[in-house]
Amino acid sequence: MIQVTDLKKNYGNLQVLKGITTQVAEREVVCVIGPSGSGKSTFLRCLNQLEEMSGGRIVIDGHDLSDPKVDINKVREEVGMVFQRFNLFPHKTVLENVTLAPIKVKKMPVEEAREQGMALLKKVGLEDKADVYPERLSGGQMQRVAIARALAMNPKVMLFDEPTSALDPELVGEVLAVMKNLASEGMTMIVVTHEMGFAREVSDRVIFMDQGVIMEEGTPAEILTDPKNERLRSFLRKTS
Ligand code: ADP
Ligand code: MG
């Protein structure tokens, strides 16, 4: 589903991604871990074209992002993203937040978008909140709306950038449960997270990024239980 080859990203003289090569198969769940500043967010932002890459190649579901003929908006529709901060539209209801993009971007008929939106809110356990405004929600509920909103575009891949890092600890579980459910339905997912329990339980593969490169990658057991790299060991000691 995703092929990344020697991906590089610079900000001026600062080389943030120094040649990332990896693949993500359809239905695979990959967790990305690593210290702050290692380039995890930049990697995700390159994947959905929020950042232009400086070098290398990204192919998503057959679309080569560096091909000048590629329809970037089409590719973006296929790649859903959920951020640490939920970025819901404050003056729109929960249901309107979920239906806006399908109506505006996909030109989906309003009734259909509302039906789909209600089904998605049900999926994330928030059908009873359809008509309230985001300010009335807890952080965990907002993040579940953000997930429903991303799913409303019917993406082939979902990217999550530390989706639970801004939440109070007691709200983390409800968001991880929604993500786990999504994974079990076969969604292809890349999840940047500090939740090692989630990585261990849900992911097929874990990538350890450090200083703009993939230092180590493997099964959760290989990476989290039996790490080879000293920097990874030290990172895991600090997070546990
Ligand atoms: P992580 O998500 O792993 O914490 P980031 O991808 O956010 O890391 O950042 C990697 C590096 O790139 C950091 O040194 C950060 O300061 C730098 N960086 C990120 N975004 C920008 C930007 N827009 N302009 C300049 N430097 C940036
Ligand atoms: Mg980040």
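Residues numbered from 1 in each chain as written. Chains lettered and ligands numbered in written order. Predicted model: local features only at pLDDT ≥ 70, side-chain atom pairs only at ≥ 80, totals over all residues. Heavy atoms only, no water.

In the nomenclature of an unreviewed UniProt entry, the protein corresponds to Amino acid ABC transporter ATP-binding protein from the organism Brevibacillus composti.

The next point concerns the site of ligand 1. Taken together, Tyr11, Leu14, Val16, Pro35, Ser36, Gly37, Ser38, Gly39, Lys40, Ser41 and Thr42 are the residues near ligand 1. In the environment of ligand 1, an oxygen atom lies 2.8 Å from a nitrogen or oxygen atom belonging to the side chain of Lys40. When ligand 1 sits alone it has 560 Å² of accessible area, and the protein chains cover 59% of it. When contributions to the shell around ligand 1 are tallied by element, the ones reaching two or more residues are strand 2 (14-24) and helix 1 (40-47). Looking at which element gives the most residues to the shell around ligand 1, the answer is helix 1, with 3 residues. When grouped by side-chain class, the residues that make up the shell around ligand 1 number 4 nonpolar, 6 polar and 1 charged. (Near = heavy atom within 4 Å. Polar contact = N/O pair within 3.5 Å; in protein donor to acceptor, adjacent residues only side chain to side chain. Areas by Shrake-Rupley, 256 points an atom, 1.4 Å probe, with all protein chains shown as cover. Helix = DSSP H or I, 4+ residues; strand = E, 2+ residues; numbered from the N terminus. Nonpolar A, V, L, I, M, F, W, Y, C, P; charged D, E, K, R; others polar.)

Backbone hydrogen bonds are what pair the strands of a sheet, in a parallel or an antiparallel way. Read across the open sheet, the 4 strands follow the order 2-1-4-5; overall the sheet is antiparallel. The outermost strands of the open sheet, each flanked by one partner alone, are strand 2 and strand 5 (63-64). Inspection of the sheet shows strand 1 (residues 2-11) paired to strand 2 by 8 bridges, in the antiparallel sense. Across the sheet, the residue bridging to Gln3 is Gln23, located in strand 2. Sheet contacts for helix 1: strand 1, strand 2 and strand 4 (55-60); angle to strand 1, the most-contacted strand, approximately 120°. (Pairing = 2+ DSSP bridges. Contact = heavy atoms within 4.5 Å. Axes fitted to C-alpha atoms, helices over the stretch in contact; angles between N-to-C directions.)

Okay, the UniProt feature "domain: ABC transporter" (unreviewed entry) in the protein next. UniProt feature "domain: ABC transporter" (unreviewed entry): in the numbering of this structure it lies at residues 2-236. A distance of 27 Å separates the end C-alpha atoms of residues 2-236, which is 38% helix and 26% strand. (UniProt positions renumbered as here; feature names shortened; annotations may be inferred.)

Moving on, we come to the pairing of strand 1. The two faces of a sheet get side chains in turn, since along a regular strand they alternate between them. Hairpin connection between strand 1 and strand 2: a loop of 2 residues separates the two successive antiparallel strands, and Gly12 in this loop has a positive phi of roughly 60°. Strand direction decides the pairing type here: strand 1 and strand 4, joined by 5 bridges, are antiparallel. Counted as the bridge partner of Gln3 is Val59 from strand 4.

Moving on, we come to the nonpolar core. Of all hydrophobic cores here, the largest spans 48 residues; its most connected members are Ile33, Leu121, Ile147, Met158, Phe160, Met179 and Met189. In terms of residues, this core owes the most to one element, helix 6 (residues 169-184), which gives 8 residues. If we skip the residues at most four places from it in the chain, Met158 touches Gly80, Val82, Ile147, Ala150, Leu151, Leu182, Met187, Thr188, Met189 and Ile190. One finds Ile2, Leu47, Ile60 and Met81 within the second-largest nonpolar core, a separate group that totals 27 residues. (Core = buried A, V, L, I, M, F, W, Y, C linked by side-chain atoms within 4.5 Å. Buried < 20%, exposed > 50% of the residue type's maximum accessible area, 1.4 Å probe, protein only.)

Read from one edge of the open sheet, 6 strands run 6-7-8-3-9-10, paired in mixed fashion. What marks the edges here is a single partner per strand, and that holds for strand 6 (79-82) and strand 10 (213-218). Direction aside, the axes of adjacent strands within the sheet are offset by 20° on average. By the bridge criterion, 5 bridges tie strand 9 (residues 205-210) to strand 10 in an arrangement that is antiparallel. Directly across from Phe208, in strand 10, lies its bridge partner Glu216. Contacting strand 6 and strand 7 (157-161), helix 5 (residues 139-151) crosses the sheet at an angle of about 170° to strand 6.

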